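# A look at the structure
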Amino acid sequence: MLRAPRGTNDILPPESHKWACLELLLRRLSKIYSFEEIRTPIFEYTELFSRTVGESTDIVRKEMYTFRDKGGRELTLRPEGTAPVARAFLERGLDRGALPKKLFYLGPMFRYEKPQAGRYREFVQYGVEILGSPSAYSDVEVILLAVRIAEELGLMGTTLYINTIGCPKCRRVHREDFVKHISGRVGEFCPDCLERLDRNPLRILDCKNDACRRATADVPLIRDYLCDDCREHWVTLQDSLRSLGLEYTVDPTLVRGFDYYTKTVFELKWPPLGAQDAIIGGGRYDGLIEELGGKPCPGMGFAVGVERLLLAAEKGDKPLAPDVSIDCFVLFPDTGDKRVTEAGFGLLNDLRCSGLSSDFDPLRRSMKAQMKHADRLKAKYVAIIGEEEIEQGFITIRSMEHGWQKQVPAGSVLDFMKEAVSGGTD
Ligand code: HAM
């Protein structure tokens, strides 16, 4: 038997109903917070990610699905959404329109990671990006939306971690002291970190290795090296979060795994998820558009893994409760009487044209088997049409929830059903 590739998921019913429910929630929140949808290609030129996410990051070094197409172009299945959004923003001239531009996306991303619960090779991200605002209030807005998502799913006890990683100006000064400090204890770091020391020392703080984490416990922190602009941004952000009553923890080692970040970085964690407890991650990227060849244009955003959010929702205080029922099952047994079939199909069609979700048994099994099928489909009502009903001009309606059964004149059955479904008959 052929199997799906490792680290991918088939989303089957009833799980797919929960996906739809969550996607609807995320789209509703996007509207409430005034973000418009953007859809970018699933694959991009590899260079887009190597230049922005960064050559020294785990994503670019180890996790990208990169291939050559038949024309010899080097392409990569997108591992994240920020760089593609920035590319599209610039390429399609949105930078010349009204700013800030607030965009959201919802779609699959691909990373060659070791699969485990909450970590997959194909996963879906919902993300938001605000382009063209240098204001710390945009950071606040983005963080507020992230927190709201967790609240909507009843995830009590999430922790908001924030940090600042400054801008290239303050980082240059910090880098010198940081490298000096690490160079004095190279024996304590893994080979990957020693490589990072040459290419991008701050990435060392990103290492998951316990020994490396211990060895960085007393490194010089970038927050002590901030330039005036970065310090003011950092102070405004924290003042605003405090004035809104939003609790947060400053984690000075939080640098996140992308080179495009500047100033604010943040993560929202929910401990009950275990190892993959970071549900939402984001930050500011004021140099990204310039890196792609545009004029300076600041940006800020976050992304959340939809699978991880669904796992969390299962354990949260407000589990998603999608409506998996149908309004009406039309039961018309195969009596050999053409009139029964015509009336059955006619009613099914009328119900559907009126917007009522309806189904029937194409296998035309016995009454008992059809009733069982209706039950499996979680039909609210069953409309029964047999020879007796045809002879006498009525249709039998059974409420599956309340157990009553009524004979309704065939001519008024559609109105009756519409009223019943809207809650007027029971
Ligand atoms: P990220 O932290 O790499 O950030 O991913 C954001 C979220 O995507 C994670 O918190 C997690 O929920 C989910 N995620 C990441 N990798 C996986 C995986 N392998 N399997 C399942 N879920 C996963 C970004 O991607 C940035 N582009 C976020 C951003 C937007 N920053 C600014 N704007």
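Residues numbered from 1 in each chain as written. Predicted model: local features only at pLDDT ≥ 70, side-chain atom pairs only at ≥ 80, totals over all residues. Heavy atoms only, no water.

## Comments concerning the overall build of the protein chain
Helix and strand counts for the protein chain come out as 15 helices and 16 strands. Relative to the 2.2 N^0.38 estimate, which gives 22 Å for 426 residues, the radius of gyration of the protein chain is 28 Å and therefore markedly larger than a compact globule would have. Along the three orthogonal principal directions, the C-alpha set of the protein chain runs to about 95 × 55 × 45 Å. Within the protein chain, buried positions represent 50% of all 426 residues. Just so you have it, the protein chain exposes about 20900 Å², and 51% of that area is on carbon and sulfur atoms. Computed over 60 positive and 64 negative side-chain charges, the separation of the two mean positions in the protein chain equals 3 Å. (Helix = DSSP H or I, 4+ residues; strand = E, 2+ residues; numbered from the N terminus. Rg over C-alpha atoms; globule rule 2.2 N^0.38 Å. Buried < 20%, exposed > 50% of the residue type's maximum accessible area, 1.4 Å probe, protein only. Areas by Shrake-Rupley, 256 points an atom, 1.4 Å probe, with all protein chains shown as cover. Lys, Arg positive; Asp, Glu negative; His and termini not counted. Charge placed at Lys NZ, Arg CZ, Asp CG, Glu CD.)

## Quick notes on the pattern of salt bridges
Summed over all chains, the structure comprises 40 salt bridges. Across the salt bridge formed by Glu342 and Lys338, the nearest N and O atoms sit 3.9 Å from each other. Here Glu342 and its partner Lys338 are both found in helix H12 (residues 338-353), four residues apart, which amounts to about one turn of the helix. Comparing Glu342 with Lys338, the two get one shared label, exposed. Via salt bridges that share partners, Asp58, Arg61, Lys62, Asp192, Glu195, Arg196 and Arg199 belong to a single interconnected network. (Salt bridge = Lys/Arg side-chain N within 4 Å of Asp/Glu carboxyl O.)

## What about the pairing of strand S3 (residues 65-68)?
Across four bridges, the pairing between S3 and strand S4 (residues 74-77) is antiparallel. If you follow Thr66 over to S4, its bridge partner there is Thr76. Here S3 folds back onto S4 in antiparallel fashion, the turn holding five residues, of which Gly72 has a positive phi close to 80°. (Pairing = 2+ DSSP bridges.)

## A word on the sheet that holds strand S10 (residues 278-284)
One open sheet accounts for eight strands, arranged S1-S5-S6-S11-S10-S9-S7-S8; its pairing is mixed. Edge positions in the sheet fall to strand S1 (36-37) and strand S8 (249-250), since each of these pairs with one other strand and no more. Judged from the six bridges that link them, strand S9 (residues 262-269) and S10 form a sheet pairing that is antiparallel. Across the sheet, residue Lys269 finds its bridge partner in S10, namely Ala278.

## Examining the site of the ligand
Around the ligand, 27 residues are found, and the nearest of them are Glu80, Glu113, Glu129, Tyr261 and Ile279. Arg256 is positioned with one of its side-chain polar atoms (N or O) 2.9 Å from an oxygen atom of the ligand. One of the side-chain nitrogen or oxygen atoms of Tyr261 is found 2.6 Å away from a nitrogen atom of the ligand. About the coverage of the ligand: the protein hides 95% of its 660 Å² of free accessible area. Those elements that place two or more of their residues in the shell around the ligand are strand S6 (122-131), S10 and strand S11 (299-305). At six residues, S10 tops the list of elements feeding residues into the shell around the ligand. Its residues assigned to classes, the shell around the ligand comprises 12 nonpolar, eight polar and seven charged. (Near = heavy atom within 4 Å. Polar contact = N/O pair within 3.5 Å; in protein donor to acceptor, adjacent residues only side chain to side chain. Nonpolar A, V, L, I, M, F, W, Y, C, P; charged D, E, K, R; others polar.)

## Let's talk about the sheet that holds strand S13 (residues 358-359)
Taken in spatial order, the five strands line up as S13-S12-S14-S15-S16 in an open sheet, and their pairing is mixed. Across the chains shown, the open sheet's two edge strands, defined by having one partner strand only, are S13 and strand S16 (405-409). Here helix H13 (residues 367-376) sits on the sheet and contacts strand S12 (326-331), strand S14 (379-384) and strand S15 (394-399); the angle it forms with S12, its principal contact strand, is near 170°. (Contact = heavy atoms within 4.5 Å. Axes fitted to C-alpha atoms, helices over the stretch in contact; angles between N-to-C directions.)

## Some remarks on the nonpolar core
Core analysis: the largest hydrophobic core is formed by 51 residues, its most contacted members being Tyr126, Phe266 and Phe302. Per element, the largest residue contribution to this core is nine residues, and it comes from helix H5 (residues 136-152). (Core = buried A, V, L, I, M, F, W, Y, C linked by side-chain atoms within 4.5 Å.)

## Details of the environment of Ser366
Within the secondary structure, Ser366 sits in the loop between S13 and H13. Between the alpha carbons of Ser366 and Lys315 there is a distance of 41 Å; along the sequence they are 51 residues apart.

## A word on the side chain of Asp327
Among the structural elements, Asp327 can be located in strand S12. Note on Asp327: relative accessible area 9%, which makes it buried. When neighbours within four sequence positions are excluded, Asp327 is seen to be in contact with Gly355, Leu356, Ser357, Lys380, Tyr381 and Val421.

## As for the domain arrangement of the protein chain
Many analyses report the size of an interface as the accessible area lost when the parts associate. The domains assigned to the protein chain are domain 1 (15-167 + 245-315), domain 2 (169-226) and domain 3 (326-419). A straight line from the C-alpha centre of domain 1 to that of domain 3 covers 48 Å. (Domains from an automatic or database assignment.)

## As for the packing of helix H1 (residues 15-32) against helix H11 (residues 306-315)
Running from N to C, H1 and H11 cross one another at 105°; their axes reach a closest spacing of 11 Å. Classified by the angle their axes make, H1 and H11 are roughly perpendicular. Mapping the contact onto sequence places Lys18, Trp19, Leu22 and Leu26 in H1 and Val306, Glu307, Leu309, Leu310 and Glu314 in H11. (Parallel < 35°, antiparallel > 145°, perpendicular 65-115°, else oblique.)

## Structural notes on the packing of aromatic side chains
Applying the stated rule across the entire model yields 14 aromatic pairs. Seen from their ring centres, Phe258 and Tyr261 are 5.7 Å apart, and the 85° between their planes marks the pair as edge-to-face. One aromatic cluster is present, built from ring pairs that chain together Phe104, Tyr126, Phe266 and Phe302. The lysine or arginine in question, Arg121, covers the ring of Tyr112, its NZ or CZ lying 4.0 Å from the ring centre. Directly above the aromatic system of Tyr161 lies the positively charged group of Lys269, at a separation of 5.3 Å from the ring centroid. (Phe/Tyr/Trp six-rings, centres within 6.5 Å; stacked < 30°, edge-to-face > 60°. Lys NZ or Arg CZ within 6 Å of the ring centre and 35° of its normal.)

## Points about a nonpolar patch on the surface
On the surface, Ile42, Phe43 and Phe67 cluster together into a nonpolar patch covering about 250 Å² of accessible area. Take Phe43: it is sitting in strand S2 (residues 43-45). (Patch = residues over 30% accessible without salt bridge, like charges linked within 9 Å, V, L, I, M, F, W, Y side chains within 5 Å.)

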